[in-house]
Amino acid sequence: MSLSRRELLHSAVAAGAAASVATVGPETTLLAADNVATNGRIKHSVVFWCFNIAGDLWDIEKTCQIAKGLGCQSVEICGPETWGVLKKHGLTCAIAPNGMPGAPFMKGFNNLKYHDEVIATTSKMIDDCAAANVPSVIAFTGYKWRDADDPKSGEISAEEGAANCILGLKKIAAHAEKKGVTICVEHLNTRDSSHPMKGHPGYQGDDIDYVCNIVRKVGSPRVKVLFDIYHVQIMNGDVIRRIDECKDVIGHIHTAGNPGRGELDDKQEINFPPIMRKLVEIGYKGYVGHEFIPTRDPVAGLREAIKLCDV
């Protein structure tokens, strides 16, 4: 995932699509006293691509050092080649990439044309996760076009897409159950077209109820939903109620400020502390991955996000 996202964002930068990401200034020095994850009710994770790609800020070693210093337990969405570095720092990878080349969210379980490839790459990542005690792997519905990168190729209907997702996920669920790894299907927004990682026009799973219902129909304890607060806010809103309604299938959480997928600060609209308290209330035991694109000092922004969410 880190490589494919790098390719995607670098091509976007070349085309000028990443101009909305501000240039960040000098980083704040991280001190030992900066551990802000102290309450023990939220398991914080740093999403690697945000800090590795948006401005080429940190490599995996530096990301681990900063994550550990802030009290996080994980660095996520990074491939098996990085897991030895994570282990050295006493960290895990909360959720792994799915191994698909290119933009992995385009070719998903909704399209029979890609089933063999998606199932093979996800199965391989499940095996890698099981060997390294990584708890989960990401998955996607895919884009609704019959050729994922060609809107003129015709649309897969919502009903057909859901049926294909259920079929494909059922095929791989038994393997995930055997290996003890959870597949988390991500809901993404289709409204923001300003940047290739802020929104995904054409993605079929853009309604949280649609994705949750697919997962429920698969009926496996090892197939869950990646509930991204940023994407849910854009497409559905009513985040706290949504968490309560989806609590039976939530397997992972992501954060970012809206609008803009920036820091979790007072320039954006989502009120994160009560959302985190709701997660505690429903008994959520998984990780909360911070997936915002830095627009200023990335250490300060990450510290702010962790402190705000550490209810």
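Our subject is the structure that appears above.
Note that this is a predicted model, so its numbers are computed, not measured.

What counts and how
- Residues numbered from 1 in each chain as written.
- Predicted model: local features only at pLDDT ≥ 70, side-chain atom pairs only at ≥ 80, totals over all residues.
- Heavy atoms only, no water.
- Helix = DSSP H or I, 4+ residues; strand = E, 2+ residues; numbered from the N terminus.
- Buried < 20%, exposed > 50% of the residue type's maximum accessible area, 1.4 Å probe, protein only.
- Contact = heavy atoms within 4.5 Å.
- Areas by Shrake-Rupley, 256 points an atom, 1.4 Å probe, with all protein chains shown as cover.
- Salt bridge = Lys/Arg side-chain N within 4 Å of Asp/Glu carboxyl O.
- Core = buried A, V, L, I, M, F, W, Y, C linked by side-chain atoms within 4.5 Å.
- Pairing = 2+ DSSP bridges.
- Axes fitted to C-alpha atoms, helices over the stretch in contact; angles between N-to-C directions.
- Parallel < 35°, antiparallel > 145°, perpendicular 65-115°, else oblique.
- Left-handed = near helix turned anticlockwise from the far one by under 90°.
- Nonpolar A, V, L, I, M, F, W, Y, C, P; charged D, E, K, R; others polar.

Q: Hey, could you run me through the overall build of the protein chain in this one?
A: Scanning the protein chain for helices and strands turns up 11 helices and 9 strands. Counting every position in the protein chain, which comprises 311 residues, the buried fraction comes to 58%. Partitioning the contacts of the protein chain with sequence separation of at least 6, the portion at a separation of at least 24 is 76%. Roughly 12200 Å² of accessible area belongs to the protein chain as shown, and the carbon and sulfur atoms make up 50% of that amount.

Q: I'm lost on the environment of R41 in this one. Help?
A: In this structure, R41 sits in the loop between helix 1 (2-14) and strand 1 (43-47). A relative accessible area of 47% places R41 in the partly exposed class. Separated by 244 residues in sequence, R41 and K285 have C-alpha atoms that sit 8.3 Å apart. The residues touching R41, leaving out its near neighbours within four places in the chain, are V280 and V311.

Q: Would you mind going over the pattern of salt bridges with me for this structure?
A: A side chain of one charge can pair with a side chain of the opposite charge if their charged atoms are brought near each other. Tallying each qualifying case throughout the model produces 15 salt bridges. R241 is paired through a salt bridge with D238; the nearest N and O atoms lie 2.6 Å apart. Take R241: its relative accessible area is 52%, and that puts it in the exposed class. A salt bridge links K278 to E281; the shortest N-O distance between them is 2.9 Å. Here K278 and its partner E281 are both found in helix 10 (residues 272-281), 3 residues apart, which amounts to about one turn of the helix. For K278, a relative accessible area of 11% corresponds to the buried category. A residue is classified by how much of its surface remains accessible, and E281, at 61% relative accessible area, is exposed. Taken together, the shared-partner salt bridges in this structure form one network comprising D244, K247, K278 and E281.

Q: Explain the nonpolar core to me, please; I cannot follow it from the model alone.
A: As a rule of thumb, nonpolar side chains are buried together in soluble globular proteins. With 97 residues, the main nonpolar core has V75, F227 and M276 as its most contacted residues. What M276 contacts, discounting residues up to four positions off in sequence, is I42, I229, T255, V288, C309 and V311.

Q: How should the pairing of strand 6 (residues 182-186) be read in this particular structure?
A: Residues in a regular strand project their side chains so that they alternate between the two faces of the sheet. Here strand 6 lies mainly inside the structure; 5 of its 5 residues are buried. Where burial is concerned, the two faces of strand 6 agree: the one with T182, C184 and E186 and the one with I183 and V185 are both buried. As paired strands, strand 6 and strand 7 (residues 223-228) are joined by 4 bridges and run parallel to one another. Counted as the bridge partner of C184 is K224 from strand 7.

Q: Help me out: how do you make sense of the environment of G79 in this one?
A: Structurally, G79 is set in the loop between strand 2 (74-76) and helix 4 (83-88). Separated by 14 residues in the primary sequence, G79 and C93 place their C-alpha atoms 8.8 Å from one another.

Q: How should I be thinking about the packing of helix 9 (residues 239-246) against helix 10 in this particular structure?
A: Describing two packed helices takes the angle between their axes plus the distance from one axis to the other. Orientation of helix 9 relative to helix 10, taken along the N-to-C sense of each, is 15 degrees, at an axis distance of 10 Å. Of the possible angle classes, the one that applies to helix 9 and helix 10 is roughly parallel. When the axes of helix 9 and helix 10 are compared, the crossing they make is right-handed. Listed contacts from helix 10 to V239, I240, I243 and D244 of helix 9 are P274, I275, K278 and L279. Of the residues in the contact of helix 9 with helix 10, the class split is 6 nonpolar, no polar and 2 charged.

Q: I keep staring at the sheet that holds strand 7 and nothing clicks. Help me out?
A: Think of a sheet as strands paired side by side through backbone hydrogen bonds, with each pair either parallel or antiparallel. Reading across the sheet, the 7 strands line up as 2-1-9-8-7-6-3 and stay open at both edges, with parallel pairing between neighbours. Looking at which strands have only one partner, the edges of the open sheet turn out to be strand 2 and strand 3 (136-140). Sheet twist, expressed as the average angle between the axes of neighbouring strands with direction ignored, equals 35 degrees. As paired elements, strand 1 and strand 9 (residues 287-290) share 4 bridges and run parallel to each other.

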